[in-house]
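# A structural walkthrough
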Amino acid sequence: MRHYSILEYARFRWFKAAVVVSLLAAAVYLWHDPPIKPYGGSWLGYTLGTLGALLILWLMYYGVRKRRYRSNVGTVQGWLSAHVYLGTALVVIVTLHTGFELGFNVHTLAYVLMLAVVVSGMYGVFVYLRVPRAMTENMGEDALEQIILRIGDVDRDMRARAMGLPDELLSLIDRSVNESRLGGSFWRLMTGVDLGCPTAHAVRAWPAMARRLTGETARVDKEVYGLLLQKHQMLERARRDLKHKAILDLWLYFHVPLAFMLLAALTVHVISVFIYW
Amino acid sequence: MKILVTTKVGRQQARKTVNSEWLRVGRNTSCEIHLPDPRVPLEQGMIVYRDGLVYMEGESGSQVITRRSVRSERMHYGEPLEVGPYRIEMTPPPPGYDAALRVELVHPLEATPALAARASELTLGSLGLTKRWAAWLWALAVLFVFFVVPAGRVLDLPWKEASQHAAFGDRFWNPGPVMLAHQPVEPRCGACHEVAFRHVKDRACLECHKNIGHHVGPEMQPAALFEGARCATCHREHKGVKATFRDDDRFCVSCHQDLKSHAAGATAARVSDFARDHPAFRVTLDEDGGKRRVRQGDAPVAQQTHLKFPHATHLDPKGVKSPVQGRIRLDCSNCHKPDASKRGFEPISMPRQCQECHTLQFEPAVTTREVPHGKVADALTVIEEFYANLALKGTPDSFQKAFGVPGEGLLRRVGDPSPAERQNALALASRKARQVGADLVEVRVCKTCHEIASVKSAQSTEWKVAPVRQNMSFMPHARFDHQAHRQTKCASCHDVQSSKSSADVAMPTIKACRECHGGSRPIEGKVMSNCLLCHGFHDATHPWNPNPARPVTKVAEATHAR
C-alpha cells in the first residue's frame, strides 16, 4: 500500500483550503480602499487580524489535540495536515494584516515571532518528510534496543576471544568494551559522531598493530578484528539513529517556545492597540 | 612427566592432564596453565621441573627466562603462589600422576557494565533541554518587557515614570511614524492617548491647533452626515511622516460621485475624475443683482462690463498707434501686470494702463492739459475754468486757436473792459466750454470707452457714465496660480486675439486644462491632477486669495515640557 504523507492527506484538502484562504485575503486586500494606506486598523485590517489571531490559537491547540488520544474530532493526521497548511496561510493573512508596515515595536515583534514559528514548523515538516526514510534505510527491521543488546553480545564474545591476543590489542578491545558510548552530549547526538570513540580508534589502530602476528594468534586476531568491525558498524548505525531522532526532536525545542513567545507578544499587541485606541 | 591441573573459577572446577617437562602460564590459549583474564599477561611465566616444581617469570612477566629472570620460586605444598588474580598451589599428586597443581581465581574481575548501561542519554530531552520552561520563560519575558513596563503610565502603575523612559516603555507600542509636524510630541504617547481604551479626543488636537476652523461649515447639509465625526475620523496618525489624510481623489469622490444620495439639496454636479468625469467649469459673473454662476457650455459666456474694449484691436499684429511711441505692437504683459503674489494680476486702471495712448486732452491746439479721469462734473469744471482763463488772459494766438475768432484775453486789452465786453467774454468762454465738454464726452474721448447716457434738460445736459465692471475672479473656488503656468502662452488659455467685445469672458474651458492636466491616474504626457490640486476642502470662504493668511498651528510648548 502506498504511504500517504500528511501533506497529501485527504487529497490535499487542507492545501486547497489554505490556497483559497490566501487568495481570498489577497484579493480583498487588493480590492480594499483603506484611508491613507493599508494598515491593521481598517475594517479589513481588523478582519485579517482577528482571523490571524484565531488561527494562531487554533494552531496552538494542535499541541493539546495531538495528546488527546481519545478524541474523535478528526484524525491526528488530518489535524497535522491542517496545522501545516493553515499555518503557512497564516503568513499571508498576517502579512496583509500588517499592510507591509513594520517598525521597531511590539507589533512587529509579534509578526517576526509568527514568521519564526512558521519557518521552524516548515523545517519540521521538511525533517519529517526526509528523516524517517533515512532512519528506515539505516535501521532496517532493527530497533535501537536490539542493536545495543547485540553490541553487548559482541563485546562479550570479542573480549573472551581477545584474551589470546597481545596486550596492546587486548587493551584496544578492553577500551572498546568498557568505554564506547552512545549519546551523552548535544554535539554527539546531533552529529552522530563521537570523536573519542575507542571502538573507532581500535578499528583504525588495529591493522598496524596486528601485522606481525602469526600462527594461532593470527587466527584469533582475525576473528576478534571481525567482531570489532561488526561492533563498529553497529555503533555507527546506532549513532545515526540517535542523530535522526535528535533531528526530529530539535526543531520542536524552537517551534514550541517560540509559539508561546508569539502568544505573549500577540496578547500585548492586541491589548496595547486598544489601550492607545 | 604427568601433571594434573585443576582449575577452579567460582564454583566451576575443571581438570586436565598435561604431559610435559614444563608448563607455560598465561592468558594465551596455548598456555598449559591458561589464565583467561585481561589482567594476566599473554605469557606470564613458566613452571619447570628442577628437582621439584619451580615457578619462574621473565622480565616484566614473560616466559622468556634468562639469567635476569625476576621471579623464581620453588613450590611447596601448602604455599600457594600469587599469579595475577590467580593462586597456584602444588598439591599432593593423585595416584598415577607425578605432580598436581591447583589453579584458583581468587580475585574475579568485577563485571564491567554493558554498553546498555552507558547508553542513558540518548535523546535531547534526557540532556535537560526543555520546551515547557523555555516557553514559560520567553513568554513571561515578552509580557514583562512589552506590557508590564510600558503599561505603567496609562494604567497608573507605580513604575509610571520608568514606563515613559526613552529607551523602553510605551514607545514599543508605537505602530508607525507620525507626520513630521507632530514628531516633537511623538515620544510622549500620553499627549494624545490620554485615557486607556478610549479613542483620542478632538480636545487633544485642538490643544495645539487652536485656530483651526470648521472643516464643514454649518451650511453643509445634512449635518447628520458628519455627526460623530472626530478629527481622527479622517486624519489618521502613525501612517507615515507626510500627511494624516489621503490626498488622492478617492476620499472626495466617495461622496461627490453621487452627492444627491448623501445630501438631497446638493447643487454640485457629480464628479469622479478630472480627466474622465468632471463637469464643465462654472464662471462667476458680476451682475446688477449680485453674483451669478454660469456653466460654460456651447454658447460663449458674456458679462456686461459697460466698457468698450476690443482685445482684437489692441492686439492687432500690425500694432497700434501711440501718440508717444508711434506705432507699437502690444502684448498681454503691456497691460496685465502680476500682483504681489505673482499668482494673479493687478486690476487694470485707466491712468496706468490706458492713458498713455488714450489721453484726455480737450484743447490739443493750445495745451497738452488733460481732464481728470473720474467724475464727468470734475472734467467739465476743468474745461470751464480753462476757457474762462483763456478769455481773460489768453494771448492773441491762443485766443484765435481756441475760440476761432481773432482777439485776446480781456485783461490784456488796454483800458478797463466795459460790462458788455465782460459779458461777451464770459459768454464766449462758457459757450466754448460747453461745446468742448459735450464733444469730449459724447464724441471724442469718453465715449471711446464708456457707455454714456445723456439727460437733457432745458438748461443743461447731464451725462451718466455706466460704472465699469472689472471682474478679478471669474473662478473664485479654483486654486489657480498664474506663476505656476508661466511657461505657457496666455493665448493658450485665454482666447482674446479676435475678441471684439469686452463682454467676452475669455476664461479657459475644461478642455483647455485637460490639454495638460490628467486625472487621478497617470496618463502619459499629462500632469496627474487630483481634486485638491484646484479645490479646497468644503470651504466656501477661501476663494483664490493673493494674500492668504495661513492658519496658526504652533505647538503649545508648556504642555510638553517635562
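Here the structure is shown first, and the text comes after it.
## Remarks on the overall build of chain B
Regarding its fold elements, chain B presents 17 helices and 16 strands. By the compact-globule yardstick of 24 Å for 562 residues, chain B is too spread out, its C-alpha radius of gyration being 62 Å. Burial status across chain B gives 31% buried among its 562 residues. Relative to all contacts within chain B whose residues are 6 or more apart in sequence, the contacts with residues 24 or more apart total 46%. Accessible area of chain B: about 35,000 Å², with a carbon and sulfur share of 56%. Both charge centroids of chain B, one from 75 positive and one from 60 negative side chains, sit 2 Å from each other.

## Topic: the interface of chain A and chain B
Often, the extent of an interface is quoted as the loss of accessible area on bringing the components together. Taken together, the contact between chain A and chain B spans 58 residues of the former and 57 residues of the latter. Both sides of the chain A and chain B interface together cover about 5,100 Å² of buried area, and 68% of this is carbon and sulfur. Looking only at chain A, the three residues that lose the most surface to chain B are A:Ile36, A:Tyr253 and A:Tyr276, adding up to 16% of its buried area. The interface formed by chain A and chain B holds two salt bridges in total. The closest approach of N and O atoms between B:Arg250 and A:Asp33, which form a salt bridge, is 2.7 Å. Between chain A and chain B we count 14 residue pairs in polar contact (both at pLDDT 80 or more) in total. Among the elements of the structure, helix H4 (106-139), helix H5 (144-162), helix H6 (167-179), helix H7 (186-191) and helix H9 (215-275) of chain A are those that each provide at least two residues to the side of chain A that touches chain B. With 19 residues, the top contributor of residues to the side of chain A that touches chain B is H9(A). Partitioning the side of chain A that touches chain B into residue classes produces 38 nonpolar, nine polar and 11 charged.

## Observations regarding the packing of helix H2 (residues 43-65) of chain A against H9(A)
All names here are of chain A. Running from N to C, H2 and H9 point in directions that differ by 150°, and their axes come no closer than 11 Å. As summarised for this structure, H2 and H9 are arranged roughly antiparallel, according to the angle between their axes. Considering how the two elements wind past one another, H2 and H9 form a crossing that is left-handed. Along its contact with H2, which presents Tyr-46, Ala-53, Ile-56, Leu-57 and Met-60, the element H9 presents Ala-259, Phe-260, Leu-262, Leu-263, Leu-266 and Phe-274. A per-class count over the contact of H2 with H9 returns 11 nonpolar, no polar and no charged.

Conventions and cut-offs
Residues numbered from 1 in each chain as written. Chains lettered and ligands numbered in written order. Predicted model: local features only at pLDDT ≥ 70, side-chain atom pairs only at ≥ 80, totals over all residues. Heavy atoms only, no water. Helix = DSSP H or I, 4+ residues; strand = E, 2+ residues; numbered from the N terminus. Rg over C-alpha atoms; globule rule 2.2 N^0.38 Å. Buried < 20%, exposed > 50% of the residue type's maximum accessible area, 1.4 Å probe, protein only. Contact = heavy atoms within 4.5 Å. Areas by Shrake-Rupley, 256 points an atom, 1.4 Å probe, with all protein chains shown as cover. Lys, Arg positive; Asp, Glu negative; His and termini not counted. Charge placed at Lys NZ, Arg CZ, Asp CG, Glu CD. Buried area = accessible area lost by both parts, 1.4 Å probe. Salt bridge = Lys/Arg side-chain N within 4 Å of Asp/Glu carboxyl O. Polar contact = N/O pair within 3.5 Å; in protein donor to acceptor, adjacent residues only side chain to side chain. Nonpolar A, V, L, I, M, F, W, Y, C, P; charged D, E, K, R; others polar. Axes fitted to C-alpha atoms, helices over the stretch in contact; angles between N-to-C directions. Parallel < 35°, antiparallel > 145°, perpendicular 65-115°, else oblique. Left-handed = near helix turned anticlockwise from the far one by under 90°.

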